[in-house]
Amino acid sequence: MKRLIIAASIENDVHVAGVYKFLRLAESEGFDIQFLGPATPIDKLVEIIRLRKPDIVGISYRLTPDSLKSILDVLKSRIKEYNLNGIRWIFGGTEPNCIVAKESGIFEEVFDGTSGDEFTISYLKGQKVLADEVEYGQDIVDRIERNYPYPIIRHHFGLPSYDDTLEGVKRIAEEKVLDVISIAPDQNTQEHFFDKKYNKALDGAGGVPIRTEEEFKKLYDESRRGNYPLLRCYSGTNDVFKMAKILKDTINNAWAAIPLCWYNVLDGRGPRQVEESIRENQKLMKWHADRNIPVEVNEAHHWGLRDAHDAIYVAASYLAAYNAKKMGVKNYIAQFMFNVPPTTSPKMDLAKMLASIELVESLQDDNFRVFRQARAGLASMPQDLFEAKGQLASSAYLSMAIKPHIYHVVGFCEAHHAATPDDIIESVKIVKAVIKNTLSGMFDFTQDLDVLKRKEELVNDAMVIINAIKELNTLCSDPLSDPHTLSLAIKLGILDAPHLKGNKSASGSLQTKVINGACYAFDYENNRVIEEEERVFNIIQNYQKMIIVA
C-alpha cells in the first residue's frame, strides 16, 4: 500500500508553487499525494487529516513570521485536541518562517529551499538528514548512491593561512553546500612534509601550509558538523606512501588522486625520473586498492593542460583507468576536465569526453566500477568575475550531458584569486542551480551528429596511440602497464605535448592547433593537420631505424 502525503498552503497564504513541486517529487518517489490548494484553513486541514489518515502532512507559509506563530499555536492545539501526534509533520517556507516552524516543535523536518531538491528526495526516500555523519554517507560511493542522479559536489580549498583554512572548513561544513572538501596543500607540503626542507619564501604558495599530522587532523575535526563533508587531499610528490598513510589516518582521505606519468621531472614537481615515478605511482594505486580506497588517476588533463591534442587526452584517459584496474582498484573515479584548451568548442569538447568515457568504461566489470567526475578547466575562467560566473554555469551545463556522479566545482574567482569560503559557497550554489535545471529535462547533446562523428574519430585515433605503445615492447606481457614502455612512449613522442619542448625526459616535438573547436596535431611548416596514423607511424619507424643502427 502506498504511503499518503497531504500538503497545502495554510490560512491566508495563496503561494502554492513550492507545495506543488514538493508533491511532484513525492509522487515520483512512489507516494500517493493529495493537494489541498492555497489558503487552506487549519480546521479544514485537520478535518481532511482525520478522514484520510495520511502518513505525512506538509504545510507551507510564506507570509510574515509573526502571523505564522499565531497560526502554528492554533495547529498545535488541534494536534493535541484530536490526538494527531502520530502524523509526521513537515514545513516549507521562507527562511524566517522556517525559524518559527522549528521553534514550534511540531515538525520533524523543515525545508527553506537552500539545500536543493536532493535534500528533499533524501527525506522522501527515508534518509532523514540528521546531525549524524552516518546519515550523510560515510564514503564517496555511499554518498553517490544516495544522491544520484544528483552529482556529489566537490570543491578544493586551501588559503595561504592555516588558521583561515581551518576556520573556512568549519564555515563550509556548516553551510552544507559541499559533499567533498578537497584540501589543497601548498607545494612545500606536498614535497617536503617529511624532510622538512621547506622554502619559507614559498609557504602558502598554491595552497595551505600544513606542517604536522595534528594540523591535518584538526582540519578533519572542524569538518565534523553541518553535512559532515568528506575530506580528501592531493598525494605527495615525495615520500608518497608515508603521505598516503597520513591522509588515511588523519582526514580519512575520501579517495586518492594519483598521476600515472607525472609529479616528477616532466612537470618539475619532484626529482623522480619518469620511469621511476610511474612504477612508484602504480604501487601507490595498489596501496590504496588494498585498503579499498577509491582512486582517481589524474592523467589525461595533465596532457591536455600542456596543449596535447585531443587524441592524446583520450588515450591517456584509457591508460590511466587501465593501470588503475591492473593495480587492483575496484572503485575508479574518472575525471573529465572540460574547456581544455580554452578555445575548444562545446561540441568538440563533449565529443572528446564521450570518446574517453567509451574507452574507460569498456574496462568495467564486476571488480572495476567507474564513476564519472566532471569539471571546468581552470584556464577557461575569465579574470572578470561576472564573466567567470557565466563561464562556470556554461561549463556545468555542458558537463551535465555526461551524467556525472561527481561535479568538481572550480570557483569562478580562481583566475583572479584563491577561493574564499564565500566564493566557494557562491560558486557551488550557481552550479547547483544549473544541475537542478538540467535534471528537469535537457536536450541530449550526446546525440548531435557532429559530436558523434568526432567521437568516433577520437576513439580510432586513441587506439592508434594505444596500439603503438603495445608495439614498442612486444616481448613484454603487458606493455600498457610497463613503466619502461610508458616512459619510452613519452621519450619518443607517442605521448607528447608542446609544453614539454626542451624537457630532456620527453620528445617535446609535438605541435598542435585548434581548428573548428577541436585540437589536432599540426604541421605548421606545411600548414596541415597531421593524421594520427601518420604521426605515430613516423615515430615508430624512426625508432626502429635507431634500433637497427644501434
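What counts and what doesn't
Residues numbered from 1 in each chain as written. Predicted model: local features only at pLDDT ≥ 70, side-chain atom pairs only at ≥ 80, totals over all residues. Heavy atoms only, no water. Helix = DSSP H or I, 4+ residues; strand = E, 2+ residues; numbered from the N terminus. Rg over C-alpha atoms; globule rule 2.2 N^0.38 Å. Contact = heavy atoms within 4.5 Å. Pairing = 2+ DSSP bridges. Axes fitted to C-alpha atoms, helices over the stretch in contact; angles between N-to-C directions. Buried < 20%, exposed > 50% of the residue type's maximum accessible area, 1.4 Å probe, protein only. Right-handed = clockwise from strand over helix to strand, strands pointing away. Salt bridge = Lys/Arg side-chain N within 4 Å of Asp/Glu carboxyl O. Expected span 1.5 Å × (residues − 1). Arc of directions from axis to C-beta. Polar contact = N/O pair within 3.5 Å; in protein donor to acceptor, adjacent residues only side chain to side chain. Phe/Tyr/Trp six-rings, centres within 6.5 Å; stacked < 30°, edge-to-face > 60°. Lys NZ or Arg CZ within 6 Å of the ring centre and 35° of its normal. Core = buried A, V, L, I, M, F, W, Y, C linked by side-chain atoms within 4.5 Å. Disulfide = S-S within 2.5 Å.

Colleague: Give a detailed account of the overall build of the chain, specifying residues and quantitative values.
Modeller: Counting its secondary structure elements, the chain contains 20 helices and 16 strands. Relative to its length of 550 residues, the chain is compact, with a C-alpha radius of gyration of 27 Å against a globular reference of 24 Å. Principal axes of the C-alpha set define a box for the chain whose edges measure 100 × 55 × 45 Å. Within the chain, residue pairs in contact and separated by at least 24 positions form 70% of the contacts whose partners lie at least 6 positions apart.

Colleague: Quick rundown of the sheet that holds strand β5 (residues 109–111)? Include the residues and the values.
Modeller: Within the open sheet, the five strands sit side by side as β2-β1-β3-β4-β5. Their pairing is parallel. Looking at which strands have only one partner, the edges of the open sheet turn out to be β2 (32–35) and β5. Adjacent strand axes in the sheet meet at a mean angle of 20° when their direction is disregarded. Where strand β1 (residues 4–9) lies against β2, four bridges are found, and the strand directions are parallel. Across the sheet, the residue bridging to I5 is I33, located in β2.

Colleague: Before we move on, can you summarise the pairing of strand β7 (residues 180–183) with the specific residues and values?
Modeller: The two faces of the sheet receive side chains in turn, since in a regular strand these alternate between them. Burial along β7 is two-sided: the residues V180 and S182 and I181 and I183 are all buried. Sheet analysis places strand β6 (residues 152–157) next to β7, joined by four bridges and oriented parallel. Bridge pairing in β7 links R154 to V180. Where the polypeptide runs from β6 across helix α8 (residues 162–175) and back to β7, its parallel neighbour, the crossover connection is right-handed. As paired elements, β7 and strand β8 (residues 230–233) share four bridges and run parallel to each other. Within β8, the position partnered with I181 by the bridge is L231.

Colleague: Explain the pattern of salt bridges to me, using residue names and the numbers behind them.
Modeller: A complete count under the given rule lists 33 salt bridges for this structure. One salt bridge connects R369 with E145, and the closest N-O pair in it is separated by 2.9 Å. Within this pair, whereas R369 is found in strand β12 (residues 369–375), its partner E145 is found in helix α7 (residues 140–147), the two being separated by 224 residues in sequence. Residue E145 is classed as partly exposed on the basis of its relative accessible area of 47%.

Colleague: How would you sum up the environment of H192? Please name residues and give values.
Modeller: Relative to the helices and strands, H192 is located in helix α9 (residues 187–192). Its relative accessible area of 15% is what places H192 among the buried residues. Considered as a pair, H192 and R211 are 19 residues apart in the sequence and their alpha carbons are 9.1 Å apart. Setting aside chain neighbours within four positions, we find H192 in contact with Q187, K197 and Y198.

Colleague: Let's hear about the environment of G390: which residues, and what values?
Modeller: Relative to the assigned elements, G390 resides in helix α16 (residues 385–399). It is 8.5 Å that separates the C-alpha atoms of G390 and F412, two residues lying 22 residues apart in sequence.

Colleague: Please provide a residue-by-residue account of α16, values included.
Modeller: Between its terminal C-alpha atoms α16 stretches 21 Å, which fits the 21 Å expected from 15 residues at 1.5 Å a residue. Here α16 has its buried residues at A388, Q391, L392, S395, A396, L398 and S399. Looking down the long axis of α16, one finds its buried residues gathered within 160° of arc, a one-sided arrangement. Contact partners of the buried residues in α16: α15 (346–361), β12, β13 (406–409) and α17 (421–439). Capping the start of α16 is the job of one residue whose side-chain oxygen sits 3.0 Å from the backbone nitrogen of F386: D384.

Colleague: How would you sum up the packing of aromatic side chains? Please name residues and give values.
Modeller: If you walk through the whole model with that rule in mind, you get twelve aromatic pairs. Here Y20 and F35 contribute two aromatic rings whose centre-to-centre distance is 5.6 Å and whose plane-to-plane angle is 70°, an arrangement assigned as edge-to-face. Here Y20 is found in helix α1 (residues 17–28), whereas its partner F35 is found in strand β2, with 15 residues between them in sequence. Following the ring pairs from residue to residue traces out a cluster consisting of F22, F111 and Y123. A cation sits over an aromatic face here: R224 above Y220, 4.3 Å from the ring centre. Here the basic side chain of K352 rests over the ring of Y313, its NZ or CZ set 4.6 Å away from the ring centre.

Colleague: Go over the side chain of S505 with me, naming the residues and quoting the values.
Modeller: When you line up the elements, S505 lands in the loop between α19 (483–492) and β14 (512–515). In this view, S505 contacts V265, L266, Q273, V274, I490 and K491; residues no more than four positions away in its chain are not counted.

Colleague: Break down the nonpolar core for me, with residues and values.
Modeller: Formed by 142 residues in total, the largest nonpolar core has its most connected members in W303 and Y332. Tallying contributions element by element places helix α14 (residues 310–326) first for this core, with twelve residues. When sequence neighbours within four positions are dropped, the list of residues in contact with W303 reads W262, A308, I312, A316, I490, L495, D496, A497 and L500. Of all hydrophobic cores here, the second largest spans 28 residues; its members include L36, I42, L84 and F91.

Colleague: Go over the state of the cysteines, please, and point to the residues and values.
Modeller: On inspection of all chains with the given rule, the structure shows zero disulfides. Cysteine C233 shares no disulfide, and the gap to the nearest cysteine sulfur, in C413, comes to 19 Å. The buried category is assigned to C233, whose relative accessible area is 2%.

Colleague: Explain unusual backbone geometry to me, and be specific about the residues and the numbers.
Modeller: The phi angle of most residues is negative, glycine excepted, and most peptide bonds adopt the trans form. A cis amide bond links Y148 to the next residue, P149, at an omega of 20°. As for its placement among the helices and strands, P149 is situated in the loop between α7 and β6. P341 follows V340 through a cis peptide bond whose omega is -5°. A positive phi angle is found at A39, which is not glycine, with a value near 50°. Of note, A39 is situated in the loop between β2 and α2 (42–52). The exposure class of A39 is partly exposed, given its relative accessible area of 31%. In this model, N527 sits at a positive phi of 55°, which is unusual for a non-glycine residue. Relative to the elements of secondary structure, N527 occurs in the loop between β15 (518–523) and β16 (528–529). Relative accessible area serves as the criterion here: at 57%, N527 is assigned to the exposed category.

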